[in-house]
Amino acid sequence: MNSRRTFIKNTAIVGAGLSVLPNFTYSFSIKKEKLKVGLIGVGLRGTNHLTNLLNRDDVVITAICDIDSNRIKIAEKLIHDQKYPKAKIFGKDEYDYRNLLAIPEIDAVIISTPWLWHTRMAVDAMKAGKYTGVEVSAANTIEECWDLVNTHEQTGSHLMILENVNYRRDILAVLNMVKQNVFGELIHFRCGYQHDLRGVLLNDGKSAYGKGVEFGKKGISEAAWRTQHSVLRNADVYPTHGLGPIAVMCDINRGNRFLSLTSHATKASGLHNYIVEHGGKDHPNAKIKFRMGDVITSTIETANGETVIVTHDTTLPRPYSLGFRVQGTQGLWEVDGNRIYIEGKSDAHKWDKADEWLQKYDHPLWKKYGEYAQGAGHGGMDFFVINAFIESAKENITPPLDAYDAATWSAITPLSEASIENNGEPQYFPDFTRGNWIKRKPYNWMKEAY
Ligand SMILES: NC(=O)c1ccc[n+]([C@@H]2O[C@H](COP(=O)([O-])OP(=O)(O)OC[C@H]3O[C@@H](n4cnc5c(N)ncnc54)[C@H](O)[C@@H]3O)[C@@H](O)[C@H]2O)c1
């Protein structure tokens, strides 16, 4: 699908002392026919990425790594069925990914492993000179957030957080409206991750959505690792699907920044009730005390005077919604209810159906690739996020969602945890750009390329 096959190989592993030079790259140009990609983690998400990559003619899957041999078999079959050459296989232990990273010809890697591996693997990948894509969230602690930024600055290797919701059709249409000032001056946002994950966090250990109430060693896929976060952490552990799109709309790290946050958590009843209902009150997991409140609400203040309310709501019965609201001095969009009101354009005090507005402001990317993207997963947005990653990697340029975004958005987790622990005490965002947010220019989101 792509005729441009230029890749500028980044060879920079530079020494200490350059940490104050964000986006430092030291590169020379080598034209490459295809981008050589390694995949670390081919569980459900990594396999999704693999499928999308196999549809492209500008990518070679050079190596895959997973500690689960069943997942490797599935990935190998996909590669074989598409008549691609065999990939090198890694995964004999948890650190075998480092042997994948040691392959010099690999240009870029995509990390789709459990959260606790993300920063460690991303740091190693950047140190190995790879153009690095990491699944969401990127980091679990403030220290890890800094590790991502520092390593990017010290090595010159780029990091992209693979936040697919930034590429959702309605999100990009609303971003288009924001850029054209339809909402006026931006004032307030709402967003979150509101998704009933009880059947994902708990399963039968045989299939990811299998009925059952097991997790940890007896669970499979995300139940094997994600649920333990609900046992141990009272925090918004998955902020980026909601926050990523909002951060781009209000130019976070590029003329604006998140200043502070306060968070509150409800009690935790959802997972316990689900275990009792589906496994019985005598099931051993019915004794587990989950720390993570069912609904976690954080309010963020920005340097430019906006507020953002972020919700994490994954353990109660509810239909899926990321709960977006984008509000300015001229009007607002609310995803729930599919409605828009623009003063002077809408009938006074009456909502318009959002559809007409969203069609009118449909993003050039979706107009161009929408039909092709539809089958790519999550309604098409997975195509666009991978496309942006591959195209940026081929040129070795700063990706649209970079190391500073990865750190800033992921910081919600430890900051919300600290605020909840301290009865809603405000927590302050580190300035991961070290003051450069004032002069950094927004990425050109309105271009047609990616
Ligand atoms: N952007 C999205 O829409 C989206 C959707 C689903 C998942 N995700 C994210 O993708 C990531 C993976 O989620 P998933 O649903 O695929 O989980 P999963 O459990 O299905 O897959 C994770 C895979 O990583 C492998 N793994 C674990 N440790 C490893 C190691 N040290 N070396 C190599 N492989 C290792 C596991 O064996 C497993 O196959 C998570 O960060 C999740 O939050 C994002």
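## A short note on the packing of aromatic side chains
Considering all chains together, one arrives at 19 aromatic pairs under this definition. Residues tyrosine 167 and tryptophan 445 carry aromatic rings whose centres are separated by 5.6 Å and whose planes lie at 55° to one another, so their mutual orientation is tilted. In this pair, tyrosine 167 sits in the loop between strand 8 (159-161) and helix 6 (169-179) while tryptophan 445 sits in the segment after strand 17 (427-428), placing the two residues 278 residues apart along the sequence. Exposure class is identical for tyrosine 167 and tryptophan 445. Each is buried. A ring pair is formed by tryptophan 357 and tyrosine 361, whose centres lie 6.3 Å apart and whose planes are at 10°; its orientation type is stacked. For the pair shown, tryptophan 357 and tyrosine 361 are each scored as buried. Members of the aromatic cluster, connected to one another through ring pairs, are Trp366, Tyr369, Tyr372, Phe383 and Phe384. A cation over a ring is seen here: arginine 120 above tryptophan 117, with NZ or CZ 4.6 Å from the ring centre. A cation sits over an aromatic face here: lysine 447 above tyrosine 450, 4.4 Å from the ring centre.

## Here's the deal with unusual backbone geometry
Between valine 136 and serine 137 the backbone carries a cis peptide bond, its omega angle lying at -20°. Assignment of secondary structure puts serine 137 in the loop between strand 7 (131-134) and helix 5 (142-155). Phi is positive for asparagine 253, which is not a glycine, with a value near 70°. Positionally, asparagine 253 belongs in the loop between helix 9 (240-249) and strand 10 (258-265). In the Ramachandran plot, asparagine 338 falls in the positive-phi region, its phi being about 50° despite a non-glycine side chain. Residue class for asparagine 338 comes out partly exposed when judged on its relative accessible area of 25%.

## Regarding the pattern of salt bridges
Under the counting rule described, the total for this entry stands at 25 salt bridges. For arginine 434, the salt bridge identified is with glutamate 153, shortest N-O distance 2.7 Å. Linking arginine 434 in the segment after strand 17 with glutamate 153 in helix 5, this pair joins segments that are 281 residues apart in sequence. Look at arginine 434 and you get partly exposed, because its relative accessible area is 35%. As a salt-bridge pair, aspartate 402 and arginine 440 come within 2.6 Å of each other at their nearest N and O atoms. In this pair, aspartate 402 is assigned in the loop between helix 13 (381-395) and helix 14 (403-410) and arginine 440 in the segment after strand 17, connecting sequence segments 38 residues apart.

## Observations concerning the side chain of arginine 45
Tracing the backbone shows arginine 45 in helix 1 (residues 44-54). Engagement of the side chain of arginine 45 in a polar contact is seen with the side chain of asparagine 48, the distance being 2.7 Å.

## Structural notes on the site of the ligand
Not every one of the 26 residues close to the ligand is listed here, only the nearest: Arg45, Asp66, Ser221, Glu222 and Trp225. Here an oxygen atom of the ligand and a backbone polar atom of arginine 45 are 2.8 Å apart. With the chains in place, 91% of the 840 Å² that the ligand exposes on its own is no longer accessible. When contributions to the shell around the ligand are tallied by element, the ones reaching two or more residues are helix 1 and helix 4 (115-127).

## Let's talk about the packing of helix 6 against helix 9
At a minimum axis separation of 10 Å, helix 6 and helix 9 run at an interaxial angle of 20°. The angle between the axes of helix 6 and helix 9 places the two elements in the roughly parallel class. Considering only the axes of helix 6 and helix 9, their crossing is right-handed. Listed contacts from helix 9 to Ile171, Val174, Leu175 and Val178 of helix 6 are Pro245, Val248 and Met249. Here the residues of the contact of helix 6 with helix 9 are counted per class, giving seven nonpolar, no polar and no charged.

Calculation notes
Per-chain numbering applies: the sequence of each chain, read as written, is numbered from 1 onward. Per-residue local features of the predicted model are confined to residues with pLDDT of at least 70, and side-chain atom pairs are confined, for both listing and counting, to 80 or more; whole-chain, interface and lining totals are unaffected and use all residues. To get the side-chain values, all heavy atoms of the structure are used, and hydrogens and water are removed first. Two aromatic rings from Phe, Tyr or Trp, using only the six-membered ring of Trp, form a pair when their centres are within 6.5 Å; if the ring planes differ by under 30 degrees the pair is stacked, by over 60 it is edge-to-face, and anything between is tilted. In this description a helix means any DSSP run of H or I spanning at least four residues, a strand means any run of E spanning at least two, and both kinds are numbered starting from the N terminus. Remark: exposure states derive from per-residue accessible area (1.4 Å probe, protein chains only) relative to the maximum for the residue type, with buried under 20%, exposed over 50%, and partly exposed in between. Two conditions define a charge located above a ring, namely a distance within 6 Å from the ring centre to NZ of Lys or CZ of Arg, and an angle within 35 degrees of the ring normal. Salt bridges are defined by distance alone: a side-chain nitrogen of Lys or Arg within 4 Å of a carboxyl oxygen of Asp or Glu. The term polar contact refers here to a pair of N or O atoms within 3.5 Å; inside protein, the definition further demands a hydrogen-donor-capable atom paired with an acceptor-capable atom, and it admits residues adjacent in sequence only when both atoms are side-chain atoms. Summary of the distance rule: residues count as near a molecule or strand when at least one heavy atom falls within 4 Å of that molecule or strand. The method behind every accessible area is Shrake-Rupley, applied with a 1.4 Å probe, and residues are considered shielded solely by the protein chains displayed. Between N-to-C directions, angles cover 0 to 180 degrees, with each direction set by a line fitted to C-alpha atoms, over the stretch in contact for helices. To sort the angles, those under 35 degrees are grouped as roughly parallel, those over 145 as roughly antiparallel, those from 65 to 115 as roughly perpendicular, and the leftovers as oblique. Take the far helix as your reference; a near helix turned counterclockwise from it by less than a right angle gives a left-handed crossing, and one turned clockwise gives a right-handed crossing. Any two residues having at least one pair of non-hydrogen atoms within 4.5 Å are treated as being in contact. All amino acids are sorted into three groups, where Ala, Val, Leu, Ile, Met, Phe, Trp, Tyr, Cys and Pro are nonpolar, Asp, Glu, Lys and Arg are charged, and the leftover types, Gly among them, are polar.

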